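Close look at the chain arrangement
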Amino acid sequence: MSEKPTKHTKVLIIGSGPAGYTAAVYAARAMLKPMLVAGMQPGGQLTITTDVENYPGFADVIQGPWLMEQMREQAKAVGTDLVEDHIQSVNLKSKPFEAIGDGGQKYTADSIIISTGAQARWLNIESEEKFKGFGVSACATCDGFFFKDKTVAVVGGGNAAVEEAIFLTKFASKVQLIHRRNELRAEKLLQKKLMENKKIEIIWDSVVEEVIGDEEPRNVKGLKIKNTKTNEMSELKIDGLFIAIGHDPATSLFKDQLEMDNTGYLITKSDSTETNVPGVYAAGDVKDKIFRQAVTAAGMGCMAALEAEKYLASN
C-alpha cells in the first residue's frame, strides 16, 4: 500500500465546534485556505444539546445540532477544506508542524488552532444516558431556564456544583445537592452562600444509582439514591438532574508539548489565544473552564484566526 501524500496547509484547525468553525470562517476569509479536521464528535458538545436559547442572533429557540450544521456549512462556503479524520498525534517541535490522522494520513501546517473542546464528566449509568437532554444536563446556564418552579437535583461537591445549585434557585422552586461525602470541596465563601439559601437542601453521603422517568414523552421523574455509609436506598421526586462533577479537556494529544494547568486545560497568554509555542493557538473549552459557552468559544475562534493570520504575515 503506497503512503498517502502529505496534506499541507497554512492553518490547521483541530476540532470542530463553535471555536473551530468560527476560526475556519475567519481564516478562510483571510484567504489562508484553512484545513479543519473534525474529530470524533463533529460539532462538539452542542450536538448533544437540544434547545439553545442563548446564542445571539436567534429570536426563536434553535437546536444545538442545527446550529453546528449551519456553522459547518458557513465554514465550507467561505473556502475551508473540511476533513473527516481524527488526529492522533502531533509534533509541535518540527517546522512546519506535523499531525497524523487515525488512518496514517500526515498533515503539515505553518500554524495550528486547537479547538478540541472538553467533555462533561458523567456518572456513567445507563439511565443517565437515556435521559440526557430530556431532564439530565451538565450545564445549568444552558438548561436551568427550562425548570421554572420545578424541583431539581445537582450532583457534585466542588465549586461548579455549588455555583450551579445557587444559579438554579433563580428558576427552580427547590434544589437538592447530592454529594457522596459529608463535606464539600467548594470554597468556604461559596459554601456559606449555599447554606444560607432557603431553596437548597443538601443530601450528604449519597450517590445516584438510577434516574427514573417516563418513556413517552421522555422526561425525568425522580432518582434512586444510595447512602454511602448505610447502603440504604431511597427515592427522590425531581424534574431535572444536573451533573456537576467536572469537565475533562481533550488535551492528551498535547501532553509534554504545550503548557497546561493541573487539570489539563491549555494555558494561553493573557488576552490572547497563543500557547507557549509560537504559531499554535488554543480556542474554546480546551482552554476555558470558566465560561464554557458557545458564544465565548466562537469569540476565541475568531481571536485565534486573527492571531494566526498576523503570525503568518510576519513569518
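The shown structure was predicted, so the numbers you read here are calculated from the model rather than taken from an experiment.

What counts and what doesn't
- Residues numbered from 1 in each chain as written.
- Predicted model: local features only at pLDDT ≥ 70, side-chain atom pairs only at ≥ 80, totals over all residues.
- Heavy atoms only, no water.
- Disulfide = S-S within 2.5 Å.
- Buried < 20%, exposed > 50% of the residue type's maximum accessible area, 1.4 Å probe, protein only.
- Helix = DSSP H or I, 4+ residues; strand = E, 2+ residues; numbered from the N terminus.
- Pairing = 2+ DSSP bridges.
- Salt bridge = Lys/Arg side-chain N within 4 Å of Asp/Glu carboxyl O.
- Core = buried A, V, L, I, M, F, W, Y, C linked by side-chain atoms within 4.5 Å.
- Contact = heavy atoms within 4.5 Å.
- Expected span 1.5 Å × (residues − 1).
- Phe/Tyr/Trp six-rings, centres within 6.5 Å; stacked < 30°, edge-to-face > 60°.
- Lys NZ or Arg CZ within 6 Å of the ring centre and 35° of its normal.

As used here, a disulfide is simply a covalent bond connecting the sulfur atoms of two cysteines. For the structure shown, the criterion picks out one disulfide. A sulfur-sulfur separation of 2.0 Å characterises the disulfide bridge that pairs Cys139 with Cys142. What sets the handedness of the Cys139 and Cys142 disulfide is the S-S torsion sign, and at about 75° it is right-handed. By relative accessible area, which is 16% here, Cys139 ends up buried. Since its relative accessible area comes to 27%, Cys142 is described here as partly exposed.

On to the pairing of strand E8 (residues 106-114), then. Regular strands have side chains that alternate between both faces of the sheet. Within E8, seven of the nine residues are buried, which leaves the element mostly enclosed by the surrounding structure. Direction of pairing for strand E7 (residues 97-101) relative to E8: antiparallel, over a ladder of four bridges. Looking at the pairing, Ile100 lines up with Lys106 of E8. Taking the residues that link successive antiparallel strands as the turn, the E7-E8 hairpin has four residues, and the phi of Gly104 there is positive, at about 95°. Where E8 and strand E19 (residues 280-282) come together, three bridges link them in parallel fashion. In the sheet register, Ile113 faces E19, and the bridge partner there is Tyr281.

What follows is about the pattern of salt bridges. Scanning the entire structure with this criterion turns up 13 salt bridges. We note a salt bridge from Glu84 to Arg72, for which the minimum N-O separation is 3.7 Å. Taken together, the residues span a long stretch of sequence, with Glu84 in the loop between strand E5 (81-83) and strand E6 (87-91) and Arg72 in helix H2 (residues 64-77) at a distance of 12 residues. Glu84 sits in the exposed class, given a relative accessible area of 58%. Its relative accessible area of 22% is what places Arg72 among the partly exposed residues. What emerges from the salt-bridge pattern is a single network uniting Arg72, Glu73 and Glu84.

The next subject is the nonpolar core. Counting 31 residues, the largest nonpolar core has Ile13, Tyr55 and Ile113 as its most contacted members. Put simply, the parts of the chain that give this core at least two residues each are strand E1 (7-14), helix H1 (18-29), H2 and helix H7 (294-314). The biggest single contributor to this core is H7, with nine residues. If we skip the residues at most four places from it in the chain, Ile13 touches Gly20, Ala23, Ala24, Pro34, Met35, Leu36, Val37, Ile113 and Ser115. Counting residues in hydrophobic clusters, the runner-up holds 22 residues, among them Met35, Leu92, Tyr107 and Phe254.

What follows covers the sheet that holds strand E11 (residues 151-155). Pairing is parallel across the open sheet formed by five strands, whose spatial order is E10-E17-E11-E12-E13. The strands lining the two open edges of the sheet, one partner per strand, are strand E10 (136-137) and strand E13 (200-203). Pairing of E11 with strand E17 (residues 240-243), which is carried by four bridges, proceeds in the parallel orientation. Looking at E17, one finds that Val152 is bridged to Gly240.

Looking now at H1. For H1, with 12 residues, the first-to-last C-alpha span of 17 Å sits near the 16 Å given by 1.5 Å per residue. The complete set of buried residues in H1 reads Pro18, Ala19, Gly20, Tyr21, Thr22, Ala23, Ala24, Val25, Ala27 and Ala28. Looking at the packing, one finds that the buried side of H1 touches E1, strand E2 (35-37), H2, E5, E8 and H7. Of the residues trailing H1, Met31 is marked for its positive phi of about 65°.

This part is about the packing of aromatic side chains. The final tally for this structure, using the stated rule, is seven aromatic pairs. With 6.1 Å between their ring centres and 75° between their planes, Phe145 and Phe146 make a pair best called edge-to-face. Judged by centre distance (5.5 Å) and plane angle (80°), the rings of Phe147 and Phe242 are edge-to-face. Taken together, the residues span a long stretch of sequence, with Phe147 in the loop between helix H4 (140-143) and E11 and Phe242 in strand E17 at a distance of 95 residues. An aromatic cluster is built from Phe145, Phe146, Phe167 and Phe171, whose rings are joined through pairwise contacts. Above the ring of Phe134, the side-chain terminus of Arg218 is found at 4.8 Å from the ring centroid.

So far we have only geometry, and geometry alone does not tell us how the molecule works.
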